[in-house]
Amino acid sequence: MDKAETEAIRKVLTGDRDAYRVLMDRHFCSVYRVAFRITGNEADAEEAAQEAFLRAYNKLPSFRQDSAFSTWITRIAMNTAINLVERRNRDLSYHAPRIADEPSPDGITVTVAATSKQSPESVLLDSEAASLRRAAMDTLTPMERTAFTLRHMEDLPIAEIAAALNVPANSAKQAVFRAVGKLRRSLAPLAGGVQ
Amino acid sequence: MRHFTEEELIAYQLHETADEQAIHRHLESCSECAALSDSIAETLRVFSADPVPEPDLDRNWQRLRGNLSVLTPESRRGWTHILAWPAAGLATAALVVLAFIGIHAHISAKPNFAVNGHGPLTTQPVDPAIAKHIDAAERLLTEVNNTQGPLDNVTRDQTRALLLTNAVYVRQARSSGDLAEASVLENLGRVLTTLDNEPPTHESAWRLRIEMNTNGLLFDLRVLRQNDTQPQHPGPTQALTQGLTQ
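Here the structure is a predicted model, which means the values were calculated and not measured.

**Some remarks on the overall build of chain B**
Phase 1 of the analysis: Of regular secondary structure, chain B possesses eleven helices and zero strands.
Phase 2 of the analysis: Here chain B, with 246 residues, has 34% of them falling under the buried criterion.
Phase 3 of the analysis: Across chain B, the fraction of contacts at a sequence separation of at least 24, relative to all contacts at a separation of at least 6, is 72%.

**Some remarks on unusual backbone geometry**
Phase 1 of the analysis: Positive phi, normally seen in glycine, also occurs at N166 of chain A, with a value near 60°.
Phase 2 of the analysis: Looking at where N166 of chain A falls in the secondary structure, it is placed in the loop between helix 7 (158-165) and helix 8 (169-191).
Phase 3 of the analysis: Since its relative accessible area comes to 69%, N166 of chain A is described here as exposed.
Phase 4 of the analysis: We note that H15 of chain B has phi near 55°; this positive angle belongs to a residue other than glycine.

**Looking at the nonpolar core**
In summary, soluble globular proteins display a tendency toward joint burial of nonpolar side chains.
Phase 1 of the analysis: With 74 residues, the main nonpolar core has Y20, F53, L60, F69 and F148 of chain A as its most contacted residues.
Phase 2 of the analysis: If we ignore the near neighbours within four places in the chain, the residues touching Y20 of chain A are V12, F53, A56, Y57, L60 and F69 of chain A together with W61, L64 and L68 of chain B.
Phase 3 of the analysis: Residues I134, Y169, L185 and L221 of chain B belong to the second largest nonpolar core, which totals 19 residues.

**With respect to the packing of aromatic side chains**
Phase 1 of the analysis: Evaluation of the coordinates by the stated rule reveals nine aromatic pairs over all chains.
Phase 2 of the analysis: Each ring, one from F148 of chain A and one from F47 of chain B, has its centre 6.4 Å from the other, and the planes form 80°; the classification is edge-to-face. Here F148 of chain A is found in helix 6 (residues 142-153), whereas its partner F47 of chain B is found in the loop between helix 3 (31-46) and helix 4 (57-65) on a different chain. The same class applies to F148 of chain A as to F47 of chain B, namely buried.
Phase 3 of the analysis: The ring of F4 of chain B has R2 of chain B sitting right over it, with the charged end atom 4.7 Å from the ring centre.

**Observations concerning the confidence of the model for chain A**
Low pLDDT means the predicted coordinates in that region are not meant to be read closely.
Residues and elements named next belong to chain A.
Phase 1 of the analysis: Scored by pLDDT, chain A comes out at a mean of 81, with 77% of its residues at no less than 70.
Phase 2 of the analysis: Of all secondary-structure elements in chain A, the lowest mean pLDDT belongs to helix 5 (residues 120-138), at 76, while helix 3 (residues 42-59) reaches the highest, 94.
Phase 3 of the analysis: The model gives residues 108-116 a pLDDT under 50, and that stretch makes six contacts with residues more than four places away or in other chains.

**Things to note about helix 7 of chain A**
Residues and elements named next belong to chain A.
Phase 1 of the analysis: Among the residues of helix 7, I158, I161, A162, A164 and L165 are the ones counted as buried. End-on, the buried residues of helix 7 take up no more than an arc of 165°, which puts them together on one face.
Phase 2 of the analysis: Among the residues trailing helix 7, N166 stands out with phi positive, at a value near 60°.

**As for the pattern of salt bridges**
Phase 1 of the analysis: Per the counting criterion, the structure on display carries 24 salt bridges over all chains.
Phase 2 of the analysis: For R185 of chain A, the salt bridge goes to E6 of chain B, with nearest N and O atoms at 3.1 Å. Placement of the pair is R185 of chain A in helix 8 and E6 of chain B in helix 1 (residues 6-13), with the two residues belonging to separate chains.
Phase 3 of the analysis: Note on R185 of chain A: relative accessible area 39%, which makes it partly exposed.
Phase 4 of the analysis: One network of salt bridges, in which partners are shared, links D44, E47, R87 and R88 of chain A.

**Digging into helix 1 of chain B**
Phase 1 of the analysis: Along helix 1 of chain B, the residues that are buried comprise E6, L9, I10, A11 and Y12 of chain B.
Phase 2 of the analysis: After helix 1 of chain B finishes, the residue H15 of chain B shows a positive phi value of roughly 55°.

**Regarding the environment of L64 of chain B**
Phase 1 of the analysis: Secondary-structure assignment places L64 of chain B in helix 4.
Phase 2 of the analysis: With a relative accessible area of 1%, L64 of chain B lands in the buried category.
Phase 3 of the analysis: For L64 of chain B, the contacting residues outside a window of four places in its chain are Y20, M24, Q50, F53 and L54 of chain A.

**Brief notes about the interface of chain B and chain A**
Phase 1 of the analysis: Contact with chain B, which involves 39 residues of that partner, is made by 44 residues of chain A.
Phase 2 of the analysis: Of the roughly 4,100 Å² buried at the junction of chain B and chain A (both faces included), carbon and sulfur atoms supply 62%.
Phase 3 of the analysis: For chain B, the biggest contributors to the area lost against chain A are F47, W61 and L71 of chain B; these three give 18% of the whole.
Phase 4 of the analysis: For the pair chain B and chain A, the interface holds seven salt bridges.
Phase 5 of the analysis: Of the charged contacts in the structure, one is a salt bridge between R63 of chain B and E46 of chain A, with a shortest N-O distance of 3.8 Å.
Phase 6 of the analysis: Taken together, the connections running from chain B to chain A amount to 15 residue pairs in polar contact (both at pLDDT 80 or more).
Phase 7 of the analysis: For the side of chain B that touches chain A, the element with the most residues is helix 4 of chain B, which contributes eight residues.

**Things to note about the side chain of R37 of chain A**
Phase 1 of the analysis: Tracing the backbone through its elements, the reader meets R37 of chain A in helix 2 (residues 20-39).
Phase 2 of the analysis: Look past the residues within four positions of R37 of chain A in its chain and what remains in contact with it is R145, T149, M153 and E154 of chain A together with A49, D50 and V52 of chain B.

**What to know about the packing of helix 1 (residues 3-13) of chain A against helix 2 of chain A**
Residue and element names in this part refer to chain A.
Phase 1 of the analysis: For the pair helix 1 and helix 2, interaxial distance at closest approach is 7 Å and the crossing angle is 140°. Classified by the angle between their axes, helix 1 and helix 2 sit oblique to one another. Touching A4, E5, A8, I9 and V12 of helix 1 are Y20, V22, L23, R26 and H27, all from helix 2.
Phase 2 of the analysis: Here the residues of the contact of helix 1 with helix 2 sort into seven nonpolar, one polar and two charged.

**Here's the deal with the environment of A11 of chain B**
Phase 1 of the analysis: Along the chain, A11 of chain B falls in helix 1.
Phase 2 of the analysis: If sequence neighbours within four positions are ignored, A11 of chain B has contacts with F177 of chain A together with E16 and T17 of chain B.

**A look at the confidence of the model for chain B**
Residue and element names in this part refer to chain B.
Phase 1 of the analysis: In this model, chain B carries an average pLDDT of 74, and 65% of its residues clear a pLDDT of 70 or more.
Phase 2 of the analysis: When the criterion is pLDDT under 50, residues 109-125 qualifies, and its contacts beyond four places in sequence or with other chains add up to 40 contacts.
Phase 3 of the analysis: Segment residues 231-246: pLDDT under 50, and 21 contacts once partners within four positions in sequence are set aside and those in other chains are kept.
Phase 4 of the analysis: Interface predicted TM-score (ipTM) for the complex: 0.73; the corresponding pTM is 0.52.

The rules behind each value
Residues numbered from 1 in each chain as written. Chains lettered and ligands numbered in written order. Predicted model: local features only at pLDDT ≥ 70, side-chain atom pairs only at ≥ 80, totals over all residues. Heavy atoms only, no water. Helix = DSSP H or I, 4+ residues; strand = E, 2+ residues; numbered from the N terminus. Buried < 20%, exposed > 50% of the residue type's maximum accessible area, 1.4 Å probe, protein only. Contact = heavy atoms within 4.5 Å. Core = buried A, V, L, I, M, F, W, Y, C linked by side-chain atoms within 4.5 Å. Phe/Tyr/Trp six-rings, centres within 6.5 Å; stacked < 30°, edge-to-face > 60°. Lys NZ or Arg CZ within 6 Å of the ring centre and 35° of its normal. pLDDT = per-residue confidence, 0-100. Arc of directions from axis to C-beta. Salt bridge = Lys/Arg side-chain N within 4 Å of Asp/Glu carboxyl O. Buried area = accessible area lost by both parts, 1.4 Å probe. Polar contact = N/O pair within 3.5 Å; in protein donor to acceptor, adjacent residues only side chain to side chain. Axes fitted to C-alpha atoms, helices over the stretch in contact; angles between N-to-C directions. Parallel < 35°, antiparallel > 145°, perpendicular 65-115°, else oblique. Nonpolar A, V, L, I, M, F, W, Y, C, P; charged D, E, K, R; others polar.

Following this line, the structure appears as structure tokens:
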């Protein structure tokens, strides 16, 4: 951990809340990124990242400064994001269709807005592909999703993922393999059947 | 020819296998495994990293800052903390010895009729309204005991309401001659008064929690509540305490 971070932590521990901004500026984006990979959407990623930073702040007096703050906060963020995903899965109403605050006027239909660069067909195909990917990702457990996204999308080593998830390296690796297998089978109908 | 499993091929595609060369050679000659490997590669391609939107740092900081409490330096950890655990162990052992002596001295002493009345160490039934009051007090004290920082407004309001009803029940217990219950409720009243007047600082809340832990008020309340909710049959604790007082 570099001098600026050590100094920021020292200041926070002597009552200077604003010194925490230094740590947030340096690590919020990477923490948010990890949370986004696990939760799959911006709002939950932001909530998880915020909660992780708040929990880290409250635990700062017990933080052993011989380890990196980035590793520590990432670990907290992963757990927070996984807990959030599990909470969302339990809360069935969260996935229910939302009713608009204002009723639509009669005769008005919802249209898919096409960007200037894309045709409406291409927008529709993209959104269909995205929804298929989302559905496939939903078949994964939070652990599988975390292990897969961090290994495949963030290119983190298995050892780091295992440490963050507090599981043996082999369990993390198996979770990644299971995830890829499940995703492949989810997409198989599109490709003409599972082999 | 031995075919590779899906798991082995996934490990190969993710570069997590030790014998990458062997699998590579096999895939060149085995169309079946090559098709499976291609399917895995396609899956990984489909789920390749989508761009992550940039978070708004300022907005997030403003939201977070509102929730940050001012931290105070951790208590100084010099050489004294090394002796903390042995000292705690010795203190616990001393307490156990004192309790043992106290129990034996209590058994040999004459019965205390004042305590063996309608209070926490008896099986006598009492008013269910008091049971409800004690239950609410116990929940409040447990919550305060497990919360860090100053009390919030809701807890303060509950404290004030309990304080008012507690005064009524203290008087009721005294007038009915239930001295043990009156004693516990008076003790509760003192703690509630302290809570009600507590200034919003960390230190005072901490001291109060220590005080509550030390004087065993929560334990007394639990025994009292048990008496109130199970008046018909004496429980093991009641039977034991009854035996000790005789």
